[in-house]
Amino acid sequence: MATKSTPNSSMPEWIPRLVATVIVSVLAIAFTIFIVTKLRGLIALVLVALFLSFALEPFVNRLVKRGWKRGVATGVILFGFILALVLLVGAMVPLVLQQINEVIRQAPTWLTTLTDRLESWFGISISQSDLLAELKNTNGLLANYATNFAGNIFVISKQILTTVFQVFGVLLFTFYFVADAPHLRRVICSFLPPKSQRIVLSTWELAIDKTGGYMTSRALLGLLSTVATFLVLTLLGVPFAIPLALWMGIVSQFMPVIGTYIAASLPLIVALIAQPRAFLPLLVFILVYQQIENYIFAPRITARTMELHPAVAFAAVIAGASIAGVAGALLALPLAAILQESTREYLKRHELVESKLFAGPGATKKTTKSKK
C-alpha cells in the first residue's frame with residue numbers, strides 16, 4: 001500500500017523562486033556598482049555637460065527662434081562661453097605672477113615690521129636671524145619640491161593631458177546635448193508610456209528654465225559687481241583693475257555665502273601691497289555694495305528668474321563636493337535649484353493655520369483658522 005505524503009513534506013514552490021530572485025537581484029546590484037565605479041569619470045563628465053546644456057539651451061533657443069540653425073547657434077554660444085573663460089584665465093595669470101614677485105620683494109620689509117610690532121605691542125622678541133634661517137629651510141624645501149617636480153614631469157604632463165581631455169569631453173557632450181536636444185528627447189520618450197513622457201518632458205523643461213534662470217540671475221549680478229568694482233579700483237589707483245573686478249564679480253556670485261569674502265580678499269590684499277591708502281576706502285565700498293546688492297539688486301533680478309536660499313546653496317555645494325569633488329560642486333547649485341522648484345511644482349501645499357509662530361516678514365495677514 002502506498003504511503004500518503006503529509007502536507008509539509010515538500011518545499012513550497014515560491015521559495016526557490018524567491019531565492020533565485022534574491023540572488024539575481026544581488027548580482028545585478030553588484031554588477032551595477034562595479035560598472036558605475038569603473039565609469040564614474042565618464043558619468044561625471046556627462047552630468048556636468050548635461051547641466052551645462054540646461055544653462056546654455058535657453059540662449060540657443062532664442063537664436064533658433066530668430067532663424068539660426070540649431071547647430072550653428074549652439075557652436076556660437078559655446079564658443080562665447082569658452083572665450084569668456086579663456087579671457088578670464090589670461091587676465092588673472094599676470095596678476096598672480098606680479099603679486100608673487102611683489103611679495104618676494106617686500107618680504108624683508110614686512111619681516112622687519114612684523115618683528116618690531118610684536119616686540120612693541122606684545123613684548124615678544126623674535127630673532128630675525130632665526131626667521132631668516134626658517135626661510136632658508138623653506139627655500140630648501142621648495143628646491144626639493146622643484147627637483148621632484150622636474151623628476152615627475154611625465155606624471156604631471158599626463159595629468160595635464162587628462163584634464164584637457166576631460167574639458168574637451170565636457171564641451172563635446174554639451175554641444176551634442178544642446179544641438180540635438182529635440183532628437184534626444186524624442187528618443188528617450190519613445191521608450192516610455194504617454195504618462196511617463198509628460199513627466200519627463202515637464203521635468204526637463206523645468207530643469208532648463210530654472211537652471212538657465214538661476215545662471216542668468218547670477219551672471220547679471222556678477223556683471224553689476226564687476227563694473228562697480230572696476231570703477232572703484234580705477235579711481236583708487238589699484239593695479240590690475242580688470243582681472244580683480246572679474247574675480248570679484250564671478251567668485252562672489254557663484255560661490256554661496258562665503259564667496260563674497262573670498263572674492264573681496266584678493267582685491268584687498270593687492271590694495272594693501274600696491275596702494276595701502278586705498279585699502280580702507282575699498283573695504284568700505286565692498287561692505288556698502290554688498291548691502292546694496294542684497295537689498296536692491298538681488299530681489300529685483302531674482303524676482304524675474306529664481307532665488308536659491310543661501311543656506312540651501314551652501315549646503316548643496318558642500319554635499320556636492322563631498323560626493324563627487326569638483327564636478328559635484330559644479331553640479332550642486334543647478335541641481336539644488338531644480339530640486340527646489342520641483343518641490344514647489346509637484347508637492348501639494350496647504351493653507352496655514354493661525355499661529356503666532358508664523359509671525360515674521362514672510363507671514364500673510366489671512367490664515368486659515370484651525371478646526372476645533
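Please read these numbers as outputs of a predicted model, since none were measured by experiment.

**Q** Explain the packing of helix H2 (residues 40-65) against helix H7 (residues 194-236) to me, and be specific about the residues and the numbers.
**A** With their axes 8 Å apart at the nearest point, H2 and H7 run at an angle of 80° to one another. Our classification of the angle between H2 and H7 gives roughly perpendicular. Residues Phe 51, Phe 54, Ala 55, Glu 57, Pro 58 and Phe 59 of H2 lie in contact with H7, whose contacting residues are Trp 204, Ala 207, Ile 208, Thr 211, Gly 212, Met 215 and Thr 216. In the contact of H2 with H7, the residues fall into nine nonpolar, three polar and one charged.

**Q** Please set out helix H8 (residues 241-254) residue by residue, giving values where relevant.
**A** When the terminal C-alpha atoms of H8 are compared, their 20 Å separation across 14 residues agrees well with the 20 Å that a helix rising 1.5 Å per residue should span. The complete set of buried residues in H8 reads Ala 241, Pro 243, Leu 244, Ala 245, Met 248, Gly 249, Val 251, Ser 252 and Gln 253.

**Q** Any chance you could break down a nonpolar patch on the surface for me, citing the residues and the numbers?
**A** A cluster of nonpolar side chains, Phe 31, Phe 34, Ile 35, Val 36, Leu 39, Leu 42, Ile 43, Leu 47 and Phe 173, forms an exposed patch at the surface whose accessible area comes to about 750 Å². Of all the elements in the fold, those that place two or more residues in the nonpolar patch are helix H1 (14-38) and H2. No other element matches H1, which puts four residues into the nonpolar patch.

**Q** Talk me through the confidence of the model for the protein chain; I want residue IDs and the actual numbers.
**A** Looking at the protein chain as a whole, the pLDDT averages 77, with 74% of positions reaching at least 70. Predicted confidence is poor over residues 366-372, with pLDDT under 50, and the contacts of this stretch with residues over four places away or in other chains come to nine contacts.

**Q** Give me the lowdown on the packing of aromatic side chains, citing residues and values where you can.
**A** Per the counting criterion, the structure on display carries six aromatic pairs. Between Phe 54 and Trp 204, the ring centres sit 6.4 Å apart and the planes meet at 75°, which makes this aromatic pair edge-to-face. With Phe 54 in helix H2 and Trp 204 in helix H7, the pair connects residues that are 150 residues apart, well separated along the chain. Grouping residues by exposure puts Phe 54 and Trp 204 together as buried.

**Q** Got a sec to walk through the packing of H7 against H8? Specific residues and values, please.
**A** Where H7 meets H8, the axes come as close as 7 Å, and the angle between the chain directions of the two elements is 145°. Like other packed secondary-structure pairs, H7 and H8 cross with a definite hand, here right-handed. Of the residues in H8, those touching H7 at Met 215, Arg 218, Ala 219, Leu 221, Gly 222, Ser 225, Thr 226, Thr 229, Phe 230, Leu 233 and Thr 234 are Ala 241, Ile 242, Leu 244, Ala 245, Leu 246, Met 248, Gly 249, Ser 252, Gln 253 and Phe 254.

**Q** Got a sec to walk through the nonpolar core? Specific residues and values, please.
**A** One finds Leu 233, Val 238, Leu 282, Phe 285 and Ile 286 to be the most contacted residues of the largest nonpolar core, which totals 18 residues. Of all the secondary structure elements, the ones that give two or more residues to this core are H7, H8, helix H9 (259-274) and helix H10 (279-304). A per-element tally of this core places H9 first, with five residues. Apart from the residues lying within four places of it in its own chain, the contact partners of Val 238 are Leu 233, Leu 244, Val 270, Ala 271 and Ala 278. Ranked by size, the runner-up nonpolar core spans 16 residues in total, among them Val 48, Leu 52, Phe 177 and Ile 338.

**Q** Go over the pattern of salt bridges with me, naming the residues and quoting the values.
**A** Tallying each qualifying case throughout the model produces two salt bridges. Where Glu 57 meets Arg 70, a salt bridge forms, and the shortest distance between an N and an O atom there is 3.1 Å. Of the two residues, Glu 57 is situated in helix H2 and Arg 70 in helix H3 (residues 70-122); the sequence distance between them amounts to 13 residues. Looking at Glu 57, the relative accessible area reads 2%, which means it is buried. Residue classification places Arg 70 among the buried residues on the basis of a relative accessible area of 17%. For the salt bridge of Glu 57 with Arg 185, the shortest nitrogen-to-oxygen distance reads 3.1 Å. Here Arg 185 lies in helix H6 (residues 181-189) and Glu 57 lies in helix H2, a separation of 128 residues in the sequence.

**Q** Tell me about the environment of Ala 179, and name the residues and values.
**A** Of note, Ala 179 is situated in helix H5 (residues 153-179). Looking at Ala 179, the relative accessible area reads 14%, which means it is buried. Once the C-alpha coordinates of Ala 179 and Thr 74 are considered, the two residues, 105 residues apart in sequence, prove to be 5.8 Å apart. In contact with Ala 179, other than residues within four places in its own chain, are Arg 70, Gly 71 and Thr 74.

Quick notes on the rules
- Residues numbered from 1 in each chain as written.
- Predicted model: local features only at pLDDT ≥ 70, side-chain atom pairs only at ≥ 80, totals over all residues.
- Heavy atoms only, no water.
- Axes fitted to C-alpha atoms, helices over the stretch in contact; angles between N-to-C directions.
- Helix = DSSP H or I, 4+ residues; strand = E, 2+ residues; numbered from the N terminus.
- Parallel < 35°, antiparallel > 145°, perpendicular 65-115°, else oblique.
- Contact = heavy atoms within 4.5 Å.
- Nonpolar A, V, L, I, M, F, W, Y, C, P; charged D, E, K, R; others polar.
- Expected span 1.5 Å × (residues − 1).
- Buried < 20%, exposed > 50% of the residue type's maximum accessible area, 1.4 Å probe, protein only.
- Patch = residues over 30% accessible without salt bridge, like charges linked within 9 Å, V, L, I, M, F, W, Y side chains within 5 Å.
- Areas by Shrake-Rupley, 256 points an atom, 1.4 Å probe, with all protein chains shown as cover.
- Salt bridge = Lys/Arg side-chain N within 4 Å of Asp/Glu carboxyl O.
- pLDDT = per-residue confidence, 0-100.
- Phe/Tyr/Trp six-rings, centres within 6.5 Å; stacked < 30°, edge-to-face > 60°.
- Left-handed = near helix turned anticlockwise from the far one by under 90°.
- Core = buried A, V, L, I, M, F, W, Y, C linked by side-chain atoms within 4.5 Å.

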